[in-house]
Amino acid sequence: MKKGFVITLDLIIAILIVFISVTVAITFCGLHVKEKNYFPLQILAQDVSTSLEKSNVLTNTIANKTSKDLRVFVNNLPVNVCGAIIVYDAQQSTVSVEKRECYGSSDKISIYRSFVYDESIYYIRVILWYG
Amino acid sequence: MGEGMRRGFIFSLIAIAISGVLLGYSLFLFNSNEEYKNLNLDFLELKKVDFVSGNISSNISNFFDINTVLKNKTVEFEINLNGDKNFFALSSFETFYNNVFENLAGGDLNVNADGLTDGKAEIFFDNHTFEFDYNNKIIKVIPISDLNYILNISVNNYYTSRTVWTYSISGVYVTLNYSDLNGTYSNSGYINGSALCSTNSFTVNYGFDKLKINVCKDNLINGVLVIDGDFSSTYTADVNLDATSNSEIKSAYYNADLNYILNDSKYIGKVHAR
């Protein structure tokens, strides 16, 4: 009788279970990494919109009818983050800027913040995604 | 049992053991991932509730243009006494928050600023009240216990006459630094806060206009600070007012309600003054 392995039914089942386990584990590992990155982006979007308001960039944008400061701000986002900012008055969008040369296509998150200029209310939408 | 069968059995046991370990590990990863996700979601919700309520507080404070700073036992207010406001705009803010911004922010948002649309900005700090009547240009600080005041007032005009108030040996301690285009008057001491408001005031006349400061008994309350600007023309009258209490002042908020509920996280209270 030659030496070798004996392929039994329980061994086949065990190999199948190992294979499934490895697949499930890899899938969960992938989910873990993907979802972890979503939260800092949300926090960053809140901080971006708050900074824009507190530094008077938003009121200057409305007062001077220029998107220059807003464009400078969005172009200085972290290198791995793409973004766009849209300013609305109560009815419609008035100014829209997007970070230049940023073509990432990951999931986008957005946050809204209202601000006051000359006793009128405006709001912005900050959209961020990984580039 | 033959040698081959025994080896096969051992290999099977090892394979099942490895698969058991991997299953356990994947289950651990799954649970930790879920816990991490839930923890982050809870954190994000809390952060967003703080973000939205802070956003609305910032808007209301910007509208009134009253800078409010808490410093331990002191609260500082900065305001232009000769400022003006369109209170109809505040009603439109309320409509915007409740009809438009609620949908943008997500969750359940309700802002009630009816208490501020009467022409007066009221800020409560530890049950004391700061009140600015925009229509009549009157600032009042109504205490529920002893408050001392530091007043820095700067008027962009030349006065025609001035009456200085009389200090007492006890009462409310007031430091007054009053500047206009004639120069600066500085003094400090106790003012009898239980006297009637008509009896002792620091009054500066600017032609037909007048600015009067009292610390007196107003509506049966002693020690009320009243800064009354009787202005007919437009020039700045910047008031920087420090009110100091015997205990720490923990919060200052407008007479407006803000409720924001986002799943399990919520803010139910007043609009904070910033």
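Okay, so let's go over this structure. (Residues numbered from 1 in each chain as written. Chains lettered and ligands numbered in written order. Predicted model: local features only at pLDDT ≥ 70, side-chain atom pairs only at ≥ 80, totals over all residues. Heavy atoms only, no water.)

**Some thoughts on the interface of chain B and chain A**
On the side of chain A, 37 residues touch chain B, which itself brings 38 residues to the contact. Note on chain B versus chain A: buried area summed over both sides is about 3500 Å², and carbon and sulfur give 70% of it. Where chain B touches chain A, the interface holds 1 salt bridge. One salt bridge in this structure joins B:Lys85 and A:Glu119, with 3.8 Å as the shortest N-O distance. Listed by contribution, the elements that provide at least two residues to the side of chain B that touches chain A are helix 1 (3-64) and helix 2 (87-105) of chain B. The biggest single contributor to the side of chain B that touches chain A is helix 1 of chain B, with 29 residues. (Contact = heavy atoms within 4.5 Å. Buried area = accessible area lost by both parts, 1.4 Å probe. Salt bridge = Lys/Arg side-chain N within 4 Å of Asp/Glu carboxyl O. Helix = DSSP H or I, 4+ residues; strand = E, 2+ residues; numbered from the N terminus.)

**So, the environment of B:Thr175**
Residue and element names in this part refer to chain B. Structurally, the position occupied by threonine 175 is in strand 9 (residues 172-180). Taking the C-alpha atoms as reference points, threonine 175 and leucine 81, 94 residues apart in sequence, are found 19 Å from one another. With near-sequence residues (within four places) excluded, threonine 175 lies in contact with Tyr149, Ile150, Leu151, Asn187 and Ser188.

**What to know about helix 3 (residues 57-64) of chain A**
Regarding helix 3 of chain A, the residues found buried are A:Val57, A:Leu58, A:Thr59, A:Thr61 and A:Ile62. The inward-facing, buried residues of helix 3 of chain A abut helix 2 (38-54), helix 4 (68-75), strand 1 (81-88), strand 2 (93-98), strand 3 (109-117) and strand 4 (120-130) of chain A. (Buried < 20%, exposed > 50% of the residue type's maximum accessible area, 1.4 Å probe, protein only.)

**Re the sheet that holds strand 7 (residues 148-155) of chain B**
Residues and elements named next belong to chain B. Spatial ordering of the open sheet is given by 1-2-14-7-9-10, a layout of 6 strands whose pairing is mixed. Of all the strands in the sheet, the pair left with one neighbour each is strand 1 (67-71) and strand 10 (183-191). Direction aside, the axes of adjacent strands within the sheet are offset by 10° on average. Where strand 2 (residues 74-80) and strand 14 (residues 237-244) come together, 7 bridges link them in antiparallel fashion. Following the sheet pairing, phenylalanine 77 is matched in strand 14 by leucine 241. (Pairing = 2+ DSSP bridges. Axes fitted to C-alpha atoms, helices over the stretch in contact; angles between N-to-C directions.)

**As for the packing of aromatic side chains**
Taken as a whole and judged by the stated rule, the model has 25 aromatic pairs over all chains. A centroid spacing of 5.5 Å and a plane angle of 20° characterise the contact between A:Phe115 and A:Tyr122, whose relative ring orientation is stacked. Judged on exposure class, the residue A:Phe115 and its partner A:Tyr122 are both buried. Pairwise contacts between aromatic rings join B:Phe63, B:Phe64, B:Phe87, B:Phe93, B:Phe132, B:Tyr134 and B:Tyr254 into one cluster. Lying across the ring of A:Trp129, A:Lys108 places its NZ or CZ 4.3 Å from the centre. (Phe/Tyr/Trp six-rings, centres within 6.5 Å; stacked < 30°, edge-to-face > 60°. Lys NZ or Arg CZ within 6 Å of the ring centre and 35° of its normal.)

**Observations regarding the sheet that holds strand 1 of chain A**
Picture the strands of a sheet paired through backbone hydrogen bonds; they go either parallel or antiparallel. As summarised here, the arrangement of the 4 strands in space is 2-1-4-3 (chain A), forming an open sheet in which the pairing is antiparallel. Each having just a single partner strand, strand 2 and strand 3 of chain A make up the two edges of the open sheet. This sheet shows a mean twist of 20° between the axes of neighbouring strands, independent of strand direction. Direction of pairing for strand 1 of chain A relative to strand 2 of chain A: antiparallel, over a ladder of 5 bridges. Opposite A:Ile86, over in strand 2 of chain A, you have A:Ser96 as the bridge partner. Across the sheet, helix 2 of chain B touches strand 3 and strand 4 of chain A, and the angle it forms with strand 3 of chain A is around 170°.

**Points about the state of the cysteines**
Residue and element names in this part refer to chain A. Within this structure, the stated rule accounts for 2 disulfides over all chains. Through a disulfide, cysteine 82 is tied to cysteine 102; the S-S separation comes to 1.9 Å. Judged by the sign of its S-S torsion, about -85°, the cystine formed by cysteine 82 and cysteine 102 is left-handed. Placement of cysteine 82 in strand 1 and of cysteine 102 in the loop between strand 2 and strand 3 is noted, with a sequence separation of 20 residues between them. Per residue, the accessibility class of cysteine 82 equals that of cysteine 102, and both read buried. (Disulfide = S-S within 2.5 Å.)

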